[in-house]
Amino acid sequence: GSAAVEVDDGKDDGGGLNDSLLRCVHILFGHEAPITCLALSTALDLVVSGASDGSVLLHRVKKGTYVRRLCGSADNPNDQSPISSVVLAEQSGLILVHCHANKSLRSFTINGNLLASITTDQTITATAVTAHGDMVVCGGDAGALDIYGTHDLRHLRNLPFQRLNAAENRSGRDGGRRATKSKSAWPVTTLVFSDDFQYLFVGTAGGQVWLSCDPKKRLEMLDVAINKTFAGMI
């Protein structure tokens, strides 16, 4: 099982942390193997947990009640490959499950229906869902970014961003030292969008943080801002 912990932001009179800062409000049962990953959405009142025996369970956050278990792929419904990561896209209500062992990526509805299952080219090490929840950006051990549709897992684009920017790296400078291009791209370790989804931050095993943006989206947001400004002046 897993435990749900409630956080109290109160402080004692001396300005320190209150003794009741953390209180266990639920223990979520159902797993029979070590839990390897979690995904949470307070908006959907769901927590998704994956385990080393391939099980994926859904629980309610507020009441701590068991909801359902997600099955494996259509070809192998009893797949026991360890779950490496789970993603809960609350905008679209979809759940993505990835296993390093077989490079499988599956998409489920929160009702437990399997929508799609594919085998990825690279082992996924980081994920970030877009603003509308219809696409997911996946970083992997090959050092590239793959973009998939969250509903059908259709591969939309591959971005070998470290190689595409090699020329800029050679001509740029990093901390007073000229940056050099490695023979192979560094594995992606983490991905995160900015709050407005204009920028995507990409961390790599080489100690670099790459910052990328969608020029089209930035122009659209600029146009909206300008229209609002002129509307306020009329």
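Residues numbered from 1 in each chain as written. Predicted model: local features only at pLDDT ≥ 70, side-chain atom pairs only at ≥ 80, totals over all residues. Heavy atoms only, no water.

Topic: the overall build of the protein chain
Across its full length, the protein chain holds 3 helices and 19 strands. Burial analysis of the protein chain (234 residues in total) assigns 37% to the buried set. Partitioning the intrachain contacts of the protein chain with sequence separation of at least 6 by distance along the chain shows that 35% fall at a separation of at least 24. Of the roughly 13,800 Å² of accessible surface on the protein chain, a fraction of 53% belongs to carbon and sulfur atoms. (Helix = DSSP H or I, 4+ residues; strand = E, 2+ residues; numbered from the N terminus. Buried < 20%, exposed > 50% of the residue type's maximum accessible area, 1.4 Å probe, protein only. Contact = heavy atoms within 4.5 Å. Areas by Shrake-Rupley, 256 points an atom, 1.4 Å probe, with all protein chains shown as cover.)

A look at the confidence of the model for the protein chain
For the protein chain, mean pLDDT is 81; residues scoring 70 or higher make up 71% of the total. When mean pLDDT is compared element by element in the protein chain, strand β8 (residues 94–99) scores highest at 96, while strand β16 (residues 177–178) scores lowest at 38. A low-confidence stretch, residues 5–11 (pLDDT under 50), is modelled with 14 contacts involving residues beyond four sequence positions or located in other chains. (pLDDT = per-residue confidence, 0-100.)

Points about the pattern of salt bridges
Applying the stated rule across the entire model yields 1 salt bridge. R154 is the salt-bridge partner of D152, the closest N and O atoms lying 3.9 Å from each other. Looking at D152, the relative accessible area reads 42%, which means it is partly exposed. (Salt bridge = Lys/Arg side-chain N within 4 Å of Asp/Glu carboxyl O.)

As for the sheet that holds strand β10 (residues 114–119)
Spatially, β7-β8-β9-β10 is the arrangement adopted by the 4 strands of the open sheet, whose pairing is antiparallel. With partners counted over all chains shown, the strands left at the sheet margins are β7 (85–89) and β10, one partner each. Taken pair by pair, the neighbouring strands of this sheet meet at an average axis angle of 15°, ignoring direction. Bridge analysis of strand β9 (residues 104–109) against β10 gives 5 bridges, and the strand direction is antiparallel. Looking at β10, one finds that S104 is bridged to T119. (Pairing = 2+ DSSP bridges. Axes fitted to C-alpha atoms, helices over the stretch in contact; angles between N-to-C directions.)

Things to note about the state of the cysteines
With the rule as written, the count across this model stands at 0 disulfides. With no disulfide partner, C99 has as its closest neighbouring cysteine sulfur the one in C37, 8.6 Å distant. Under the relative-accessibility criterion, C99 is labelled buried at 0%. (Disulfide = S-S within 2.5 Å.)

Quick notes on the environment of F108
Note that F108 resides in strand β9. The spacing of F108 and G93 is 15 residues in sequence and 8.8 Å in space, taken between C-alpha atoms.

Here we look at the sheet that holds strand β5 (residues 56–60)
The strands making up a sheet are joined through hydrogen bonds of the backbone, oriented either antiparallel or parallel. Spatial strand order, β3-β4-β5-β6: 4 strands in an open sheet with antiparallel pairing. At either margin of the open sheet sits one strand with a lone partner, and together these are β3 (35–41) and β6 (66–70). The average angle at which neighbouring strand axes cross in this sheet is 20°, direction not considered. One ladder, built from 6 bridges, connects β3 with strand β4 (residues 46–51); its direction is antiparallel. Looking at β4, one finds that C37 is bridged to G50.

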